[in-house]
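Below, each chain spelled out in residue letters.
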2 protein chains.
Amino acid sequence: MILVKLGGSVITDKARPLTPRRASIRALASALAGLREPVIAVHGGGSFGHYWSVRHDMHTRADEYDARGVATVKDSMARLGAIVTGALLRAGASPYPLAPSSIMRRTRADTAAIRDMARVAEAGWMPVTYGDALWAGGRRSFILSGDRIMSMVALAVRPRLCVFALNADGVYSDPSSREVVPEMRAGQGVSTGDAGMDVTGGMARKLAESARIARAGIDVFVVNGNRPGRITAAVAGKGHQGTLIRGRRVGGRAARSS
Amino acid sequence: MILVKLGGSVITDKARPLTPRRASIRALASALAGLREPVIAVHGGGSFGHYWSVRHDMHTRADEYDARGVATVKDSMARLGAIVTGALLRAGASPYPLAPSSIMRRTRADTAAIRDMARVAEAGWMPVTYGDALWAGGRRSFILSGDRIMSMVALAVRPRLCVFALNADGVYSDPSSREVVPEMRAGQGVSTGDAGMDVTGGMARKLAESARIARAGIDVFVVNGNRPGRITAAVAGKGHQGTLIRGRRVGGRAARSS
């Protein structure tokens, strides 16, 4: 099982509201459709949901945000989701869109539903979910980031590899030099060259979620999503052109499933 | 609470594949956005999901249907769903799209999730769900019809009124005369003038689900979805221009909530 995050900064033009990067989406869809093992895909909001969440001052903390803002974020994410699943379908895959409300119980992960998502992948479909605005009870709502979904799903289904496809060549040792760290361990101090902070925590959140996954013994590969061949190569065991964050071994061996 | 089904034959042109009837969708969205009480909306697949389910020979019975067929139905329904929620958003409502995978556990209704859907409606959003193809375990899948969703949701949340907006003036006493039965009781023998059978059971299924709801003591109003003002009038207590199926009274009084 491979769990892949398609970053909002890769699949959309974050500088232009509601603008998908269709060529990037097509190329990534083609790479994912060609993988020879079960895949679960998660994507970010970029200039769709992320754009609206900023406009409506919505955050990952549950609060009484504007009801119209919640509806607008959800509507835009449903549209971006349809663009991604449409591209996967045309690339020859059998995507199985699963809005995040299908794998959450209000603010908590629905572990049984997430495990079913893995079974859907094993049966030959490619489950696709995404960051979104979600109801939290009463009049409260919250933003669930795609990065948070990655660690939720990774911990529940223990994929062989988690891939974060973003708009940078990997994790940089120093943002100014843009020198990629080829391999690191969970918790090592780092930075990336992807564009700054955003409502869902930006790079800090991305690295925190990656570290959470790696600490659970699962390898994380941070790769440039504009070079989908690097994902194909990494999954095929032909090297990691990006940053490989080794899952922490417990008792001398990896605590992971196939 | 009002539970409304927007028929696939109203919101799409069933004679032309993948063709939404945008003016009808806008008019219905405007009527629903103007209702002064909580609303849950369900819509059918029409020339989107229904079209593809016929092409791929998929049915309501769980079986090992073509995986690409499942993906294609789901992709088309996500697109139609986005058209409906987009129209509701522009009409001033705060739609809360909830793909049916969010309210099902494989082939069974997830009653807790359906009750949460009602709470989302009571908090000011308008939950919107739809008929779709769903995973049933293993390599099996099934078609969940919008009509089936109606009875599932009605029995779980007991709305004040269920509305079936379809492409006919109501239930006809005889299809040839097109004489509308103004009021009837659950189980009374009837027919409608809406176009024939379809994969999800067509009119027979629609009336069976209506009867199931009415037998539970909930009023069902069958109305022409091309005349959204009739929905507004019925909800406002200004008469039922269509067919009102009275919920069966238990012990002399209605067994329903507000």
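Just so you know, these numbers come straight off a predicted model, no measurement behind them.

Scoring rules and cut-offs
- Residues numbered from 1 in each chain as written.
- Chains lettered and ligands numbered in written order.
- Predicted model: local features only at pLDDT ≥ 70, side-chain atom pairs only at ≥ 80, totals over all residues.
- Heavy atoms only, no water.
- Least-squares fit on C-alpha atoms with pLDDT ≥ 70 in both.
- Contact = heavy atoms within 4.5 Å.
- Core = buried A, V, L, I, M, F, W, Y, C linked by side-chain atoms within 4.5 Å.
- Buried < 20%, exposed > 50% of the residue type's maximum accessible area, 1.4 Å probe, protein only.
- Helix = DSSP H or I, 4+ residues; strand = E, 2+ residues; numbered from the N terminus.
- Pairing = 2+ DSSP bridges.
- Expected span 1.5 Å × (residues − 1).
- Buried area = accessible area lost by both parts, 1.4 Å probe.
- Salt bridge = Lys/Arg side-chain N within 4 Å of Asp/Glu carboxyl O.
- Polar contact = N/O pair within 3.5 Å; in protein donor to acceptor, adjacent residues only side chain to side chain.

A. Quick peek at the relation of the copies chain A and chain B. Of the transformation superimposing chain A on chain B, the axial component is 0.0 Å and the angular component is 180°, with the fit at an RMSD of 0.0 Å. Classification of the inter-copy transformation places it as that of a two-fold axis. For chain A, the smallest separation between a C-alpha atom and the rotation axis is recorded for Ser102(A), amounting to 1.9 Å. Most of the interface of chain A is mirrored in chain B, where 100% of its interface residues again form contacts.

B. The arrangement of the nonpolar core in detail. By size, the foremost hydrophobic cluster in this structure holds 170 residues, and its most contacted members are Ile40(A) and Ile40(B). Discounting residues that sit within four places of it in the chain, Ile40(A) has contacts with Met1(A), Ile2(A), Leu3(A), Val4(A), Met117(A), Ala118(A), Ala121(A), Pro127(A), Val153(A) and Val157(A).

C. Highlighting the pairing of strand β13 (residues 219-224) of chain B. All names here are of chain B. Most of β13 is tucked away: 6 of the 6 residues are buried. Of the two faces of β13, both are covered, the one formed by Asp-219, Phe-221 and Val-223 as well as the one formed by Val-220, Val-222 and Asn-224. As paired elements, β13 and strand β14 (residues 243-246) share 3 bridges and run antiparallel to each other. Bridging from a neighbouring strand, Val-222 pairs with Thr-243 of β14.

D. Local environment of helix α6 (residues 146-157) of chain A. Residue and element names in this part refer to chain A. Between its terminal C-alpha atoms α6 stretches 16 Å, which fits the 16 Å expected from 12 residues at 1.5 Å a residue. Burial within α6 is extensive, with 10 of its 12 residues counted as buried. Where α6 is concerned, the buried positions are Gly-146, Asp-147, Ile-149, Met-150, Ser-151, Met-152, Val-153, Ala-154, Ala-156 and Val-157. Downstream of α6 by a residue or two, Arg-158 has a phi angle that is positive, lying close to 50°.

E. Structural context of the interface of chain A and chain B. Of the residues lining the interface, 39 residues belong to chain A; the matching set on chain B comes to 39 residues. Together chain A and chain B conceal approximately 3300 Å² of surface at their shared face, both sides included; 55% is due to carbon and sulfur atoms. Where chain A meets chain B, there are 4 salt bridges. For Asp110(A), the salt bridge identified is with Arg105(B), shortest N-O distance 2.6 Å. Counting across the interface, chain A meets chain B through 23 residue pairs in polar contact (both at pLDDT 80 or more).

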